[in-house]
Every structure is written in structure tokens, then in C-alpha cells.
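Architecture and fold: a report
Residues per chain are reported as follows:
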Amino acid sequence: MSLATEKLNQQLTPRQLQLLRMIVRFQENHCYSPTLAEMANELNISRSTIFEHIAELRKKDLLSGYTNKARSLKVSSRAFSLLNGLTEQSSSNYVDEPEGIPLSGRVAAGVPFQAIENVESLSLQSCFGTGDDIFALEVKGDSMIDEDIHEGDYVICRRSSVARDGQLVVAIVDDENATLKRFYREKNRVRLQPANDNYQPIYSDNCRIEAVVVGLVRKYNHL
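Residues numbered from 1 in each chain as written. Predicted model: local features only at pLDDT ≥ 70, side-chain atom pairs only at ≥ 80, totals over all residues. Heavy atoms only, no water.

Quick notes on the overall build of the protein
Definition in use: Elements are defined by DSSP. Helices are runs of H or I of four residues or more, strands are runs of E of two residues or more, and each kind is numbered from the N terminus. Exposure categories follow from relative accessible area, calculated using a 1.4 Å probe and restricted to protein chains: below 20% of the type maximum is buried, above 50% is exposed, and the middle band is partly exposed. Any pair of residues with heavy atoms lying within 4.5 Å of one another is described as a contacting pair. Shrake-Rupley sampling with a 1.4 Å probe provides the accessible areas, and residues are treated as covered by the protein chains on show and by no other component.
Looking only at helices and strands, the protein has 6 helices and 11 strands in total. The proportion of buried residues among the 223 residues of the protein is 32%. The contacts in the protein between residues at least 6 apart in sequence include a share of 50% that link residues at least 24 apart. Here the protein has roughly 15,100 Å² of accessible surface; of this, 48% comes from carbon and sulfur atoms.

Take a look at the structure:
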């Protein structure tokens with residue numbers, strides 16, 4: 001922000017700045033300026049107070065237009081410079097917050113041990129990496145329920161055209177249907193094995209591996 005812009009900003013009250021921003025935003029959305037009633041309603045103050053603020057903004061060469069003509073207000077180039085300067089300053093002072101959920105330590109699932117708080121950030125990126133080869137899919141159906149993979153869960157996948165026997169994969173069968181199953185090679189075909197006795201294995205000689213599953217995300221609303 002320039003010295004002149006900073007000085008001008010110091011001369012504005014918070015309400016005047018709020019009004020100026022409101023007028024600019026309204027004009028951007030409607031291509032014309034708001035009426036006194038619309039400004040008063042937006043800022044929840046009286047029309048007489050709005051009139052006084054507009055008079056002050058005129059004196060500071062931030063607004064122009066006819067006093068008693070509806071929708072005639074014009075925002076000056078000086079006002080745009082001021083608002084742009086304030087936006088740049090806000091951006092430079094912004095501290096990007098870490099993404100993800102706070103990771104505060106460890107908890108025992110076996111022999112208890114002393115909990116030591118160690119606040120970090122846990123995100124899908126920190127667990128599985130980033131890049132075009134990592135993506136998530138929402139699970140539909142219950143064919144893998146015996147492996148505790150439920151409908152509504154999200155499987156984290158890594159794109160791959162190959163898989164080892166026993167890996168959980170996303171496969172395309174007969175160039176049409178995608179399915180989540182355990183992958184096994186058999187003579188002249190592959191077997192896609194469900195984890196639910198109500199479903200039969202899928203045998204195919206036309207199966208294409210799209211991805212291998214590397215993780216699972218769940219909300220425990222189905223338990």
C-alpha cells in the first residue's frame with residue numbers, strides 16, 4: 001500500500017469503508033449503484049446516516065454522482081486504488097493455516113503406554129502423498145463387508161495397471177463395469193474375489209487394473 005493510500009485509509013471510519021466496499025460489490029453484481037434504502041438495509045443503519053457517510057466519501061474524492069438522483073453514485077479511481085491496496089495488504093498478512101486434522105500423538109490398541117502430546121497435522125496428503133496418481137472413490141454396495149469395507153466408506157487409490165495377487169484393486173471388467181475386489185491370477189484368467197458370501201467371485205479374461213487401494217477413510221455412522 002502506498003503512503004498516500006495508507007493515509008487516506010486512516011481518514012476513513014470503519015463504517016465508511018464498509019459502505020464503500022458495499023457499493024463496489026453491489027455495482028459489480030448489478031451494473032448500477034444501490035439506492036439509499038438498499039444501502040441502509042444492507043448495513044442495518046438509517047438512510048440519514050448513509051447520506052452523511054456518502055457526503056464524507058464525496059469530500060474524500062471516493063464517490064461522485066448526483067446527490068438526489070437514484071443509482072447515480074460512481075466509485076472513483078482513487079477509491080479503487082484504496083480498496084486494491086487494502087486487499088493486497090490483507091493477502092500479504094494472511095498466514096496459511098495447515099490443512100488436515102490435528103494429530104496429537106498416539107493411543108495404545110495393545111499394551112497401554114504413556115501418551116505424549118505431539119501436535120502435528122494429519123491429512124490425506126501426508127498419509128498417502130499427492131499427485132495425479134492418488135485419488136479417492138466412495139464405496140457402493142456390500143461385497144467387501146467381511147473385510148470391514150462398508151458402503152459410504154472412501155477407498156484411497158493409487159493408479160496402477162498392475163497388481164500383485166491378493167491386492168485390493170479397482171478393476172474394469174469387460175471394458176464396462178468397475179469393481180472393488182481382491183485380485184488373483186489364475187490360468188488364462190483372473191479372479192476378482194469379494195468378501196461377502198452372498199457374492200460369487202468374478203472370473204474374467206478381459207480385466208483391466210485401474211488402481212490399487214492404499215487406504216480407507218470412514219465415518220463410523222454405520223456402526
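Examining the pattern of salt bridges
Counted only if it meets this: We count a salt bridge whenever a side-chain nitrogen from Lys or Arg sits within 4 Å of a carboxyl oxygen from Asp or Glu.
The tally for this structure, following the rule as stated, stands at 11 salt bridges. Here Glu56 and Lys59 are joined by a salt bridge, their closest N and O atoms 3.4 Å apart. Separated by 3 residues within a single helix, Glu56 and Lys59 lie in helix H4 (residues 47-59), roughly one turn from each other. Take Lys59: its relative accessible area is 66%, and that puts it in the exposed class.

Considering the nonpolar core
The following threshold applies: Remark: nonpolar core denotes a set of buried residues (Ala, Val, Leu, Ile, Met, Phe, Trp, Tyr, Cys) joined through side-chain atoms within 4.5 Å.
If you look at the biggest cluster of nonpolar residues, it comprises 23 residues, and the most contacted ones within it are Leu19, Leu20, Met39 and Ile50. Contributions of two or more residues to this core are made by helix H2 (14-30), helix H3 (36-43), H4 and helix H5 (77-93). If you tally residues by element for this core, the top one is H2, at 7 residues. Apart from the residues lying within four places of it in its own chain, the contact partners of Met39 are Leu19, Met22, Ile23, Pro34, Ile50, Ile54 and Leu73. Core analysis: the second largest hydrophobic core is formed by 12 residues, Phe135, Leu168, Ala211 and Val213 among them.

Remarks on H4
In plain terms, the rule: Under the convention used throughout, the expected extent of a helix is 1.5 Å for every residue step, that is, one less than its residue count. The directions from the helix axis to the C-beta atoms are what the arc is built from.
Here H4 contains 13 residues, and its C-alpha end-to-end distance of 19 Å stays within 8% of the 18 Å for a straight helix at 1.5 Å per residue. All of the buried residues along H4 are Ile50, His53, Ile54 and Leu57. Viewed end-on, H4 has its buried residues packed into an arc of 105°, placing them on one side of the element. Turned more than 90 degrees off the buried face of H4, the exposed positions are Glu52 and Lys59. The first or second residue beyond H4 is Asp61, which carries a positive phi of 60°.

So, the sheet that holds strand S10 (residues 202-204)
Inclusion rule: Any two strands are treated as partners once DSSP identifies two or more bridges connecting them. To get an axis, a line is fitted to the C-alpha atoms, and for a helix only the part in contact is used. The angle between two axes follows their N-to-C directions and goes from 0 to 180 degrees.
If you trace the 7 strands from one edge of the open sheet to the other, you get S5-S6-S11-S7-S8-S9-S10, paired in antiparallel fashion. Of all strands in the sheet, those with a lone pairing partner are strand S5 (134-138) and S10, marking the two edges. Strand-to-strand twist in this sheet, taken as the mean axis angle between neighbours without regard to direction, amounts to 45°. When strand S8 (residues 177-186) meets strand S9 (residues 189-193), the two strands line up antiparallel, connected through 5 bridges. Directly across from Glu186, in S9, lies its bridge partner Arg189.

A closer look at unusual backbone geometry
A positive phi angle, close to 60°, is found at Asn44, a residue other than glycine. Since its relative accessible area comes to 70%, Asn44 is described here as exposed. Phi is positive for Asp148, close to 65°, though the residue is something other than glycine. With respect to the helices, strands and loops of the structure, Asp148 is situated in the loop between S5 and strand S6 (154-159).

Re the environment of Met144
Among the structural elements, Met144 can be located in the loop between S5 and S6. A C-alpha to C-alpha distance of 7.8 Å links Met144 and Leu180, two positions 36 residues apart in sequence.

Regarding the environment of Ile145
Position of Ile145 relative to the elements: it lies in the loop between S5 and S6. According to the relative accessible area criterion, Ile145 is partly exposed, its value standing at 34%. For the pair Ile145 and Asn196, spaced 51 residues apart in sequence, the C-alpha to C-alpha distance is 6.1 Å. Ignoring anything within four residues of it in the chain, the contact list for Ile145 reads His150, Ala195 and Asn196.

Regarding the pairing of S8
Relative to S8, strand S7 (residues 168-173) runs antiparallel, the two being bridged by 6 bridges. When the bridges of S8 are listed, Leu168 appears paired with Arg182.

Everything listed here is a matter of geometry and, on its own, says nothing about what the molecule does.
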